[in-house]
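Architecture at a glance
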Amino acid sequence: MFEIFGVPSYALFGQLLLGLINGSFYALLSLGLAVIFGMLNIINFTHGAQYMMGAFVAYMLLQYLGINYWAALVIVPILVGATGIIIERLFLARLQKLDPLYGLLLTFGLALIIEGVFRNYYGSSGKPYDIPDALQGGHNLGFMFLPNYRAWVIVFSLAVCLVTWFAIERTRLGSYLRAATENPTLVRAFGIDVPRLVTLTYGFGVGLAALAGVMAAPIYNVSPQMGSDIIIVVFAVVVIGGMGSIMGAILTGFTLGIVEGFTKVFFPEASNTVIFVIMVIVLLIRPAGLFGRGI
Amino acid sequence: MRLIASLAFAAALMTTAAHAQTTNVKVGVLTDMSSLYADDTGPGSVAAAKMAVADFNPAAHNMKVDIIVADHQNKPDIGSSIARQWFDTQNVDAIVDVPNSAVALAVSDVAREKNKALLVSGAAISDLTGPKCSPNTVHWTYDTWMLAHATAGALVKNGGDSWFFLTSDYAFGHALERDATAVVLANGGKVLGSVAHPLNNQDFSSFLLQAQQSKAKIIGLANAGGDTINSIKQGAEFGITAGGQHFAALLFYIGDVEALGLKVAQGLVLTETFYWDMNDATRAWTKRWQVERPGKYPNMNQAGVYAATLHYLKAVAALKSAADGKAVVDEMKKMPTDDPLFGKGIIRADGRKIHPAYLFQVKSPAESKYPGDDYILKATIPADQAFRPMKDDNCPLVTN
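Residues numbered from 1 in each chain as written. Chains lettered and ligands numbered in written order. Predicted model: local features only at pLDDT ≥ 70, side-chain atom pairs only at ≥ 80, totals over all residues. Heavy atoms only, no water.

Next up on the list: the nonpolar core. In this structure, Val25, Trp163, Leu166, Tyr306 and Tyr312 of chain B are the most contacted members of the largest nonpolar core, which totals 104 residues. It is helix α12 (residues 300-319) of chain B that provides the largest number of residues to this core, a total of twelve residues. Both of domain 1 (22-142 + 278-355) and domain 2 (146-272 + 357-386) of chain B provide at least three residues apiece to this core. Core analysis: the next-biggest nonpolar cluster, separate from the first, contains 90 residues, Leu18, Tyr129, Tyr220 and Phe254 of chain A among them. (Core = buried A, V, L, I, M, F, W, Y, C linked by side-chain atoms within 4.5 Å. Buried < 20%, exposed > 50% of the residue type's maximum accessible area, 1.4 Å probe, protein only. Helix = DSSP H or I, 4+ residues; strand = E, 2+ residues; numbered from the N terminus. Domains from an automatic or database assignment.)

Right, let's get into the pairing of strand β2 (residues 63-71) of chain B. Residue and element names in this part refer to chain B. Bridge count between strand β1 (residues 23-31) and β2: nine bridges; the pairing is parallel. Each bridged residue has a counterpart across the sheet, and for Thr23 the counterpart in β2 is Met63. In this region the chain leaves β1, passes through helix α2 (residues 42-56) and returns to the parallel neighbour β2; the handedness of that crossover is right-handed. (Pairing = 2+ DSSP bridges. Right-handed = clockwise from strand over helix to strand, strands pointing away.)

Taken as a whole, the largest pocket encloses approximately 990 Å³ of empty space. Lining the largest pocket are 46 residues, and of these Gly126 and Lys127 of chain A together with Glu258, Gly295 and Lys296 of chain B lie nearest its centre. Contributing elements (two or more residues each) for the lining of the largest pocket: α2 (47-65) and α4 (100-122) of chain A together with α9 (254-260), α10 (262-265) and α11 (280-292) of chain B. Of the residues contributing to the lining of the largest pocket, the split by class is 21 nonpolar, 14 polar and eleven charged. (1 Å grid on protein atoms, 1.4 Å probe; cavity = no way out; pocket = protein on both sides within 12 Å on 5 of 7 lines; lining within 4 Å. Points joined across faces, edges and corners; volume = space filled by probe spheres on them. Nonpolar A, V, L, I, M, F, W, Y, C, P; charged D, E, K, R; others polar.)

Time to look at the sheet that holds strand β10 (residues 269-272) of chain B. Residues and elements named next belong to chain B. As summarised here, the arrangement of the three strands in space is β10-β14-β15, forming an open sheet in which the pairing is antiparallel. Of all the strands in the sheet, the pair left with one neighbour each is β10 and β15 (375-381). Within this sheet the neighbouring strands show an average axis-to-axis angle of 30°, counted without direction. Judged from the six bridges that link them, strand β14 (residues 357-362) and β15 form a sheet pairing that is antiparallel. The residue bridging Tyr358 from the neighbouring strand is Thr380, located in β15. The sheet strands contacting helix α5 (residues 144-157) are β10, β14 and β15, and the helix crosses β10 at an angle near 150°. (Axes fitted to C-alpha atoms, helices over the stretch in contact; angles between N-to-C directions. Contact = heavy atoms within 4.5 Å.)

Residues and elements named next belong to chain A. A surface patch of nonpolar side chains, amounting to about 510 Å² of accessible area, comprises Val277, Val280, Ile281, Leu284 and Ile285. Within the secondary structure layout, Ile281 lies in helix α11 (residues 274-285). Looking at Ile281, the relative accessible area reads 43%, which means it is partly exposed. (Patch = residues over 30% accessible without salt bridge, like charges linked within 9 Å, V, L, I, M, F, W, Y side chains within 5 Å. Areas by Shrake-Rupley, 256 points an atom, 1.4 Å probe, with all protein chains shown as cover. Salt bridge = Lys/Arg side-chain N within 4 Å of Asp/Glu carboxyl O.)

To continue, consider the sheet that holds strand β7 (residues 190-197) of chain B. All names here are of chain B. Pairing is parallel in the open sheet, where four strands are placed in the order β7-β6-β8-β9. Looking at the sheet topology across the chains shown, the edges are occupied by β7 and β9 (246-249). When strand polarity is set aside, the average angle formed by the axes of neighbouring strands in this sheet is 20°. The strands that helix α6 (residues 171-186) touches are β6 (162-168), β7 and β8 (218-222); relative to β6, the one it contacts most, it runs at about 170°. Strands β6, β7, β8 and β9 of the sheet are contacted by helix α7 (residues 205-214), whose axis makes an angle of about 165° with β6.

Here we take up the side chain of Ser121 of chain B. All names here are of chain B. Mapped onto the fold, Ser121 is located in the loop between β4 (117-120) and β5 (137-139). Using a relative accessible area of 1% as the deciding quantity, one classes Ser121 as buried. Discounting residues that sit within four places of it in the chain, Ser121 has contacts with Asp97, Thr141, Tyr142, Met300, Asn301, Gly304 and Val305.

Looking now at the confidence of the model for chain A. Here chain A averages 87 in pLDDT, and 96% of its residues register 70 or above. The least confident element of chain A is strand β1 (residues 3-4) of chain A, whose mean pLDDT is 64; the most confident is α2 of chain A, at 94. (pLDDT = per-residue confidence, 0-100.)

Side chains three or four residues apart in an α-helix point the same way, a direct result of the helix having 3.6 residues per turn. Residues and elements named next belong to chain A. Within helix α6 (residues 172-182), burial applies to Gly174, Leu177 and Ala180. Buried residues of α6 fall within an arc of 125° about the axis and therefore sit on the same side. More than 90 degrees from the buried face of α6, the exposed residues found are Arg172 and Glu182. (Arc of directions from axis to C-beta.)

See the structure below:
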């Protein structure tokens, strides 16, 4: 075994893999944000709270109704996505013609309210949620022990990311959506219901956040502040990737997961700031982000 | 007739005079109401402080006691500016709880400058009665030295002689790691490494992998709240315990056990100075506390807020004034302490409250008979051994 800066290589392989796993969470969350921003021009600050709701609804389904993880993977995004649709219809639709800053303030306020409500009922220390039986245990890869659940996370989220990208960039529905963003009036003239398209897109983005929440529940502490812990990082990921770029969000999510993973080995104290340092550098050199379409 | 009238007048004057002597006391609960320590302190501490006032019965002592609350958000600058504002404009006489060591150290300086009383329950750093001790501060419930000696000492003696630390990267984590390292080395063990992680970290897998690769027998968690919960939850996933390594949660509360579930938390060894299911008095107290906090179980921080507030009010009653914070704290040190939660005890010259500490082990799901039945008592560390001896304090109050 060789060493890099005094760290044995097998340790680095392990960190590389863990970085990819964390990156898949970043990718999944920033994907939803990028879809919402790219298609709707809304900076969705509620995203972290919706991720937390995903984890909590999964907990509630198991606790009160006995519905397991696998069913929750399907039900939770639909339920939380539906609350997203209500939020869009009630509030966001009215802000469409205003500066995006209004949407930002509104969603930020909503995030605080949702978090506060959950804290009031469930406290701050969190709730237990077990790994599903089928994914218990793990494999020894020689350089590290890989829990089955983490392997599942990486495969599943990669699949979700690619399907979403394909749906938006390569299908007819996706092309309607992109056209509606560019020129809503013209698209309406072709008989397409643009407001409904916008509402459903927001619901879909929220559903993605909730899906990430369900996937996080078995490994992270299910607590009301879990969303606010991660959302700032995810925003940095989206900014680095380029606001609105779907592929940019996915690639940046995985890359930054790896960068953060290595920082945790070489200089752990900086692991929560390294992403912001990169963000500053990227904004200085390419203000539209790495994959952005220009401002 | 005139005599009776003047007597009545004099009596009336005396009653007014007696009324004028009512001592007003304002106690501020400065705590974490909204973040990772809110369940371990927060609203539960506020409920405990209110119970202390009710049990003290201010009217019987010709006193009027008000409780006010603020959230310091775990930020030392916010904590000290609230303290300053309370002392300067709100007539607050004493501040209680103050979880988060960084905030407690900052507020301790303010209390000393303004000559008010500070009753620390939720913060852990042993420097509060060491190099940073203050004549205005009482440190009630526990500290890093006590946790390190009780938990780490017991584990090293039982064969856990090689350690790797996961340390929360701020004053508390570093103090806890320092104190635990000293215990491990003093008992013939060795420390193979440590890693400092940011506060409120979500993913611990990188750090756990480093701990796993160190091959240390014990992974010492010098962190608290959500960070400890995430470390243990993910440690179970990465097969840490299955691989023969063990966690030592150096600061762990019953709320953390409930958040993890007994299935994941079982077998953990921890130290607290209070357990709700200890005896009839603690159970009765818990029942009353649960009226405010249904479905939750009080921990030592919240018990400490109750006991410290009660003892503080007794000292104010003896002095008939809360104006001079140092004088009240001196009185608190003079009077022996006695309350239903910690029993009889004393407060030392350095401000350290002395009582026994208990080494607990978390029960398995099969051993737990009813909700909240989470701990088995493994050992009791007597009051005179639980805390750092004053000669090792380096506290200027004691040496000078």
